[in-house]
Amino acid sequence: MDPVALFTAGGLMLGLGLILSSVLAAANKKLHVFEDPRIDQVEEMLPGANCGACGEAGCRAFAEALVAGRVSPAQCPANEPQNIEAIAHLLGIDAGAQHKRVARLACAGGNNVAASSATYRGVATCRAATLIGGGGKSCAWGCLGFGDCMAVCPFDAIVMNRNALPIVDEDKCTACGACVDACPKNLFSLHPVDHRLWVACKNELRGAEVRRACAVACIGCGLCAKDAAEGLIAIENSLARIDYDKNELASLEAIQRCPTGAIVWLDKEKGPILGEKAIGALAERKAG
Amino acid sequence: MGTATLKKTFSHGIHPPEHKAATVESAITPLPFPPGLVIPLSQHTGAPARPIVEPKQEVARGDKIAEAGGFVSVPMHAPAKSTVAKIGLALTPSGAMTPAIFLKVDLESEQEPPPEADSAASNALTPEELVAAVQETGMVGLGGAAFPTHVKMLVPKGKRVDTVVVNGCECEPYLTTDHRVMLEASEDLFTGVRIALRATQAGCAIIGIETNKPDAIKALAKAAESDSRIRVAPVKTKYPQGAEKMLIKALLKREVPSGGLPIDVNAAVFNVATLAQLGRLLPRKQGLIERVVTVTGPGVERPGNYLVPLGTPVQFLLDHAGMKDTARQVILGGPMMGVAIASLEIPVTKGVSGILVLTDKELAQRPTKVYPCIRCGQCIQACPMFLNPSRLGLLSRKEQYAVMEERYHLNDCFECGCCAYVCPSNIPLVQYMRIAKAVNRERKTAK
């Protein structure tokens, strides 16, 4: 091998390397973008689920918004209180108030109480079943129970109970709204956790027509509206509707005379509490 | 003109068993009036109709009970002398509850016969007046899509129709309504074709009929001899020959562009049943109050073609035709594109061409286990729209609904079912398309 050629090649590569590295060094100086190091620090303290419940595109976007001062740390509903405090401390801002909201299901018609008019066979999702004659449940509004909401929940906050009805874990739910979008029957909505008085039904038919379909449906009788504080409950489209602007007036009184158990009190520990009359009616139905 | 001899058709498609023998010979028989009728205000494509009657009001047969809710909408008429029971919610085949007029039929008194035809008056109308008159009849496509007929007849500015394509294919297995209508109401059909020709200002009309209906081809070809603008063309018996884009391709050798309408290739397509009804109703200034429905399938004791008052609950019709105890599935429409219903309270609406009742036996034969896609490509060979159902199905399972629409022409799929029919892995491809379309629709309205 010719030693001259070897040195020429080596020298060329060395020269090329020197030129390119100086270009890179210059570009690094010239094109440097400053990024606040606090963004990374804040992001570390966020849950990292990218659920979007804060209204930003994900945890990174929320961290950027925090550092820019557009939002307050408590606007992330999924975060732990100590992390919120730590972020507020790091950025030297007020933590803000965390309004805990949760997803609520407007149906209580599990397959133990709601009738079905047909059997659906096919792709086992609510979305698919809804497209075939509504899914076969007698109530056109009712929960189909295939668990699309459970599958989509990023926090494992929804489990299907033995009657194929989704149960939301208040502690785990961050009100990200994934279930609201997933439910083809639009049964989920996000509510402040202190909205305890709840109408677990969406059926707009009345009386016997509803009862044929489901034992716990709202029949639009209006007894709850009479028993509740003035103006708290109104009947609209044969359904009880609660005015949550007057939520502080809500009490267990309103649910006592409900004949079906469509209006309930959602207790954090005990789950939905039914009125006495409804409990009696359901026990009778079970016995008969 | 006589008939052509060459069998015209389109590329791809399938040929499922026809199952038409049970009802093809049975003449159209009128169904008695049921005690109650349910008239959904939205049984067509477009805006719902607006009710113009009050509860307890008495209405005569043929009275208008709801007016069109816009241009792409049609009015509703009372199918029988009756009293308005209520205006409330009724179940539709889709499973949703929609507003409907409930009628209590006066079964005691005689139902008045339709008025006499006044052909001279309807012949004097200008194309614009004709379109308005067609809307007043409440006519929609009776082939199944229920698209308002007058909208198709109005030719937009800058467009023109040179050929009216009359669809007498009836490629769906089991159904024989169009076949019977062609045999029994050919005079009305030709009146309807002439109305369509006048409204669209088209020069000629071609009636496309599948070769499995030789009697209809022969009868209509003979009748067409008197009018040089109208001719009959036999087309190959193949599914989905009756889809409008396939029929245009077969008869005119023109291809409707992706996302386009027949008008983009200077054609307008009408079903034979639609034009036959229109030919009977328009000269009489009558509204659409009844239609022919094939009631068939192994679950029915007396299969046949019935003339059914619109709004008749499926239960009443099946009681009349005799539903067997073994019946397990009721499908509105044919087995390929029809929808299984979850309740027999659902009324017969303008778009219902057949009721197919299947029994345990047929359901047991149906494979239930779904296997993975083996990339055999049979669905691609079958798809008449030249889509890639295999890829679309996989994307749908991965919830890539936007990609399906943007890159794989999801919206060109008209859910004919060929892909799912040939799939050796039993993948419910049509269902996956429907899911994607439903989600995309929802996302668009949410925006």
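Only a predicted model underlies this, so the values are computations on that prediction, with no experimental measurement involved. (Residues numbered from 1 in each chain as written. Chains lettered and ligands numbered in written order. Predicted model: local features only at pLDDT ≥ 70, side-chain atom pairs only at ≥ 80, totals over all residues. Heavy atoms only, no water.)

Asks: Where do I start with the sheet that holds strand 12 (residues 267-271) of chain B in this structure?
Replies: Adjacent strands of a sheet pair through backbone hydrogen bonds, lying either parallel or antiparallel. All names here are of chain B. Strands sit in the order 11-10-9-12 across an open sheet of four strands; the sheet is parallel. Two strands close off the open sheet at either side, each with one partner strand: strand 11 (230-235) and strand 12. Neighbouring strand axes in the sheet, compared pairwise and without regard to direction, differ in orientation by 25 degrees on average. Together, strand 9 (163-168), strand 10 (204-210), strand 11 and strand 12 form the strand contacts of helix 6 (residues 186-200), whose direction differs from that of strand 9 by roughly 150 degrees. (Pairing = 2+ DSSP bridges. Helix = DSSP H or I, 4+ residues; strand = E, 2+ residues; numbered from the N terminus. Axes fitted to C-alpha atoms, helices over the stretch in contact; angles between N-to-C directions. Contact = heavy atoms within 4.5 Å.)

Asks: Is there a simple way to explain the nonpolar core in this structure?
Replies: Nonpolar side chains tend toward joint burial in soluble globular proteins. Judged by nonpolar contacts, the single largest core of 42 residues is most densely connected at Met153(B), Leu189(B), Ile207(B) and Leu275(B). The element contributing the most residues to this core is helix 6 of chain B, with seven residues. Once you skip the residues sitting within four places of it in the chain, Ile207(B) turns out to touch Val166(B), Phe190(B), Leu220(B), Ile230(B), Arg231(B), Val232(B), Ala233(B) and Val272(B). Membership of the second largest hydrophobic core comes to 37 residues, among which are Ala140(A), Trp141(A), Leu197(A) and Ile233(A). (Core = buried A, V, L, I, M, F, W, Y, C linked by side-chain atoms within 4.5 Å. Buried < 20%, exposed > 50% of the residue type's maximum accessible area, 1.4 Å probe, protein only.)

Asks: Can you walk me through the packing of helix 6 of chain B against helix 7 (residues 214-224) of chain B in this structure?
Replies: In a pair of packed helices, the angle between the axes and the distance between the axes together describe the arrangement. Residue and element names in this part refer to chain B. For the pair helix 6 and helix 7, the least separation of the axes is 11 Å and the interaxial angle reads 55 degrees. When the axes of helix 6 and helix 7 are compared, the pair comes out oblique. Our pair here, helix 6 against helix 7, has a crossing hand that is right-handed. Contact with helix 6, carried on its side by Ser186, Leu189 and Phe190, involves Leu220, Ala223 and Ala224 of helix 7 and no other residues of that element. (Parallel < 35°, antiparallel > 145°, perpendicular 65-115°, else oblique. Left-handed = near helix turned anticlockwise from the far one by under 90°.)

Asks: How do you make sense of the layout of surface pockets when you look at a structure like this?
Replies: If a probe the size of a water molecule is rolled over the atoms, the empty space left behind becomes visible. All names here are of chain B. In this structure, the second largest pocket spans a volume of roughly 1900 Å³. Looking at the second largest pocket, it is lined by 49 residues, and the ones nearest its centre are Gln329, Ile331, Pro335, Leu363 and Arg366. Looking at the lining of the second largest pocket, the elements with two or more residues in it are strand 15 (327-332), strand 16 (339-340), strand 17 (354-359), helix 11 (360-365), helix 15 (418-422) and helix 16 (429-446). When grouped by side-chain class, the residues that make up the lining of the second largest pocket number 29 nonpolar, 14 polar and six charged. (1 Å grid on protein atoms, 1.4 Å probe; cavity = no way out; pocket = protein on both sides within 12 Å on 5 of 7 lines; lining within 4 Å. Points joined across faces, edges and corners; volume = space filled by probe spheres on them. Nonpolar A, V, L, I, M, F, W, Y, C, P; charged D, E, K, R; others polar.)

Asks: I'm lost on the pairing of strand 15 of chain B in this one. Help?
Replies: In the case of a regular strand, side chains alternate between the two sheet surfaces. All names here are of chain B. Burial analysis of strand 15 places five of its six residues in the buried class, the great majority of the element. Pairing of strand 15 with strand 17, which is carried by five bridges, proceeds in the antiparallel orientation. Paired with alanine 327 across the strands is threonine 359, a residue of strand 17. The sheet contact formed by strand 15 and strand 16 spans two bridges and is antiparallel. Directly across from leucine 332, in strand 16, lies its bridge partner valine 339. Hairpin connection from strand 15 to strand 16: six residues lie between these consecutive antiparallel strands, with glycine 333 at a positive phi of about 95 degrees.

Asks: Before we go on, may I ask you to explain the packing of aromatic side chains in this structure?
Replies: Two measures describe an aromatic ring pair: the distance that separates the ring centres and the angle between the ring planes. All names here are of chain A. Under the counting rule described, the total for this entry stands at one aromatic pair over all chains. Judged by centre distance (5.8 Å) and plane angle (75 degrees), the rings of tyrosine 120 and phenylalanine 146 are edge-to-face. Of this pair, tyrosine 120 sits in the loop between strand 1 (101-105) and helix 5 (126-130) while phenylalanine 146 sits in the loop between helix 5 and helix 6 (148-152); the two residues are 26 residues apart in sequence, bridging distant segments of the chain. Among the residues examined, phenylalanine 146 registers a relative accessible area of 33% and is labelled partly exposed. (Phe/Tyr/Trp six-rings, centres within 6.5 Å; stacked < 30°, edge-to-face > 60°.)

Asks: Explain a nonpolar patch on the surface here, please?
Replies: A cluster of nonpolar residues, Met13(A), Leu16(A) and Leu20(A), forms a patch on the protein surface that exposes about 330 Å² of accessible area. As for its position among the elements, Leu20(A) is in helix 1 (residues 3-30). (Patch = residues over 30% accessible without salt bridge, like charges linked within 9 Å, V, L, I, M, F, W, Y side chains within 5 Å. Areas by Shrake-Rupley, 256 points an atom, 1.4 Å probe, with all protein chains shown as cover. Salt bridge = Lys/Arg side-chain N within 4 Å of Asp/Glu carboxyl O.)

Asks: So what exactly am I meant to see when it comes to the domain arrangement of chain B here?
Replies: Often, the extent of an interface is quoted as the loss of accessible area upon association of its parts. All names here are of chain B. When cut into domains, chain B gives domain 1 (126-284) and domain 2 (378-446). The interface of domain 1 with domain 2 comprises seven residues on the first partner and seven residues on the second. For the domain 1 and domain 2 pair, buried surface summed over both sides reaches about 540 Å², with 66% attributable to carbon and sulfur atoms. Interface area lost by domain 1 to domain 2 is led by Tyr239, Met246 and Ser258, which between them contribute 58%. Inspection of the region where domain 1 meets domain 2 yields zero salt bridges. One can count three residue pairs in polar contact (both at pLDDT 80 or more) joining domain 1 with domain 2. Residues belonging to the side of domain 1 that touches domain 2 are distributed by class as follows: four nonpolar, two polar and one charged. (Domains from an automatic or database assignment. Buried area = accessible area lost by both parts, 1.4 Å probe. Polar contact = N/O pair within 3.5 Å; in protein donor to acceptor, adjacent residues only side chain to side chain.)

Asks: What am I meant to see in the domain arrangement of chain A here?
Replies: All names here are of chain A. When the domains of chain A are assigned, the result is domain 1 (38-91), domain 2 (100-190) and domain 3 (194-288). One C-alpha centre belongs to domain 2, the other to domain 3; they are set 20 Å apart. Each partner contributes to the interface: domain 2 provides 19 residues, whereas domain 3 provides 19 residues. Of the roughly 1500 Å² buried between domain 2 and domain 3, counting both surfaces, carbon and sulfur atoms make up 56%. Its largest share of buried area at the contact with domain 3, domain 2 owes to Arg104, Val113 and Trp141, together 41% of the area lost on that side. Summed over the shared surface of domain 2 and domain 3, the result is two salt bridges. In this structure, lysine 268 and aspartate 171 form a salt bridge, with 2.8 Å as the shortest nitrogen-oxygen distance. At the junction of domain 2 and domain 3, the tally comes to ten residue pairs in polar contact (both at pLDDT 80 or more). When the residues that make up the side of domain 2 that touches domain 3 are grouped by side-chain class, the tally is ten nonpolar, five polar and four charged.

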